[in-house]
Amino acid sequence: MNFKIDKFVVAIIIVVLFAYLFPNAAGDLPLNTIGSIGVSLIFFFYGLKLSPEKIKAGLKNWKLHVLVQATTFLIFPLIVLCFYPWVNETNKTLWLGFLFLAALPSTVSSSVVMVSIAKGNITAAIFNASISGLIGVLVTPIWMGLFLNSNTADYSLVAVYKNLFLEILAPVILGLLLHRFLGSFAIKHKNYLTLFDKSVILIIIYKSFSKSFSDGIFNGLGLPMLAGVFIVAVLLFFTIYFLIGFISKQLQFNEEDKITAQFCGTKKSLVHGTVFSKILFQNASFLGIILLPVMLFHAFQILTISVIAAKKAKHKI
């Protein structure tokens, strides 16, 4: 089997290395402002591409939707929460990074593409991936607020929701309202919009990691620790993947619904992760460590789900 390296993952690695070598390369560029405007545009275009008709049609398969969303926003965080008794000052930030990963919504594009390749329930995948982002705007800050109120971060749930509404929810609503007029335009140029999305994410990642490198946040994080973070991310992925498979069997899902549940339920959105982190953590110096589990999980999930999707597609030919 031929393995394809995801170009976006390579771009992320290059940007992190660039941030390490040249943390002040941006100079006086207002990266925070550029990032904020970029985020709003990302979610405006996201709203444009959402089809109200498809969302309505997807409501019928409610057992599948409940499983995917419960896994994404409840089971995932609860698994990470089980390790809270072992959290101390040394590993607190990394644990928060894993909780942040666990509380994130699913990603839209790759979920739908992989479900399509594996010949799963595409309509349900579109519904779950789309609705997940909207639920995440409300749920992710609540999970993080449970542990950030007493942490070093300056965290105000009211301020967070205000910023999320202005930068994310309002643009999505505006996009939805304009879907009938500009939806076809957004779908036609979706490849360019995806490139724009990724460019904004790379800017935010550079800003986050350059600050972390400048402040010496990674000084105590050696190669063994990085390997440990990656191993935990892998174990977390497979725990959720096989758990969803088991529950799907108990609920007597057909193969198409099982594929959709496993693919959408294990996905975590790097796009939402980077833009949410910018708002939730207010560009704190430890933001790079917070994003580390998300990025490692993202790279692994793309590779693994791609392989699984190819195998399932081959078996159905």
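Reading the values: the criteria
Throughout, residues of each chain are indexed from 1 in the direction in which the sequence is written. Per-residue local features of the predicted model are confined to residues with pLDDT of at least 70, and side-chain atom pairs are confined, for both listing and counting, to 80 or more; whole-chain, interface and lining totals are unaffected and use all residues. Heavy atoms throughout the structure, all of them, feed into the side-chain values; hydrogens and water do not. Counting from the N terminus, the helices are the DSSP runs of H or I reaching at least four residues and the strands are the DSSP runs of E reaching at least two. To get the radius of gyration, use the C-alpha atoms; to get the globule rule, take the number of residues to the power 0.38 and multiply by 2.2 Å. Only protein chains enter the accessibility calculation, which uses a 1.4 Å probe; a residue is then buried when its area is under 20% of its type maximum, exposed when over 50%, and partly exposed in between. Note on contacts: a residue pair qualifies if any of its non-hydrogen atoms lie within 4.5 Å across the two residues. Reported accessibility uses the Shrake-Rupley method at a 1.4 Å probe radius. Residues are deemed covered only where the shown protein chains occlude them. The charged-residue count follows a simple rule in which Lys and Arg add positive charge and Asp and Glu add negative charge, with His and chain termini not counted at all. Charged side chains are reduced to one point each, which is NZ for Lys, CZ for Arg, CG for Asp and CD for Glu. For our purposes a nonpolar core is just a set of buried Ala, Val, Leu, Ile, Met, Phe, Trp, Tyr and Cys residues, chained together by side-chain atoms within 4.5 Å. Working definition: rings of Phe, Tyr and Trp (its six-membered ring) pair if their centres are within 6.5 Å, and the pair is stacked with planes under 30 degrees apart, edge-to-face with planes over 60 apart, and tilted otherwise. Whether a charge lies above a ring is judged from NZ of Lys or CZ of Arg, which has to be within 6 Å of the ring centre and within 35 degrees of the ring normal. A 1.4 Å probe that fits but cannot get out identifies a cavity on a 1 Å grid over protein atoms alone, an open set with protein on both sides within 12 Å along at least five of seven lines counts as a pocket, and a residue lines either if it has an atom within 4 Å of a point. Grid points are joined across faces, edges and corners, and a volume is the space filled by probe spheres set on the points. Polarity classes work like this: nonpolar for Ala, Val, Leu, Ile, Met, Phe, Trp, Tyr, Cys and Pro, charged for Asp, Glu, Lys and Arg, and polar for all others, with Gly in that last group. Between Lys or Arg on one side and Asp or Glu on the other, a salt bridge is scored when a side-chain nitrogen of the former is within 4 Å of a carboxyl oxygen of the latter.

> I'd like a rundown of the overall build of the protein, residues and numbers included.
Broken down by element type, the protein carries 14 helices and zero strands. Along the protein, helices and strands appear, N-terminal first, in the series α-α-α-α-α-α-α-α-α-α-α-α-α-α. Taken over C-alpha atoms, the radius of gyration comes to 19 Å for the protein, in line with the 20 Å a tight globule of 317 residues would show. On the principal axes, the C-alpha backbone points of the protein span a range of 50 × 45 × 40 Å. Within the protein, the fraction of its 317 residues that count as buried is 50%. Considering only residue pairs separated by 6 or more positions, the protein has 87% of its internal contacts joining residues 24 or more positions apart. By element, 68% of the accessible surface of the protein is carried by carbon and sulfur atoms, the whole surface being about 15,600 Å². Charged side chains in the protein number 25 positive and 11 negative. The centres of these two groups are separated by 10 Å.

> Lay out the nonpolar core in plain terms, naming residues and giving numbers.
Grouped together as the largest cluster of nonpolar side chains are 86 residues, with contacts concentrated most on Phe-100, Ile-168, Phe-263, Phe-276 and Phe-281. The element best represented in this core is helix α14 (residues 287–316), accounting for 12 residues. Setting aside residues no more than four positions away along its own chain, Phe-276 makes contact with Phe-100, Leu-104, Pro-105, Gly-136, Val-137, Thr-140, Leu-164 and Ile-168. Counting five residues, the second largest nonpolar core, distinct from the first, contains Phe-44, Phe-45, Leu-48 and Leu-193.

> I'd like to hear about the packing of aromatic side chains, residue by residue, with values.
Tallying each qualifying case throughout the model produces 21 aromatic pairs. Ring geometry for Phe-18 versus Tyr-206: centroids 5.9 Å apart, planes at 45°, classification tilted. Taken together, the positions of Phe-18 in helix α1 (residues 7–21) and Tyr-206 in helix α10 (residues 190–214) put the pair 188 residues apart, joining distant regions of the chain. For Tyr-206, a relative accessible area of 9% gives the class buried. Ring plane angle 55° and centroid distance 5.5 Å describe the contact between Phe-44 and Phe-45, whose orientation is recorded as tilted. For the residue pair Phe-44 and Phe-45, the accessibility class agrees, reading buried in each case. Here the aromatic residues Phe-76, Phe-230, Phe-237, Phe-238, Tyr-241, Phe-242, Phe-297 and Phe-300 are joined through ring pairs into a cluster of three or more. Note that Lys-268 overlies the ring of Phe-73, its terminal NZ or CZ placed 5.9 Å from the centroid. The ring of Phe-76 has Lys-268 sitting right over it, with the charged end atom 4.4 Å from the ring centre.

> Summarise the layout of surface pockets; cite the residues concerned and give the values.
By volume, the second largest pocket amounts to about 550 Å³. Lining the second largest pocket are 18 residues; nearest its centre among them are Val-16, Leu-226, Leu-292, Met-295 and Leu-296. Looking at the lining of the second largest pocket, the elements with two or more residues in it are α1, α10, α11 (223–250) and α14. Here the residues of the lining of the second largest pocket are counted per class, giving 17 nonpolar, one polar and no charged.

> Describe the pattern of salt bridges, naming the residues involved and giving the relevant values.
A complete count under the given rule lists one salt bridge for this structure. The residue Glu-255 makes a salt bridge to Lys-312 at a minimum N-O spacing of 3.4 Å. Within this pair, whereas Glu-255 is found in helix α12 (residues 255–266), its partner Lys-312 is found in helix α14, the two being separated by 57 residues in sequence. Judged by its relative accessible area of 18%, Lys-312 is buried.

It is worth stressing that arrangement in space is one thing and function is another; only the former is reported here.
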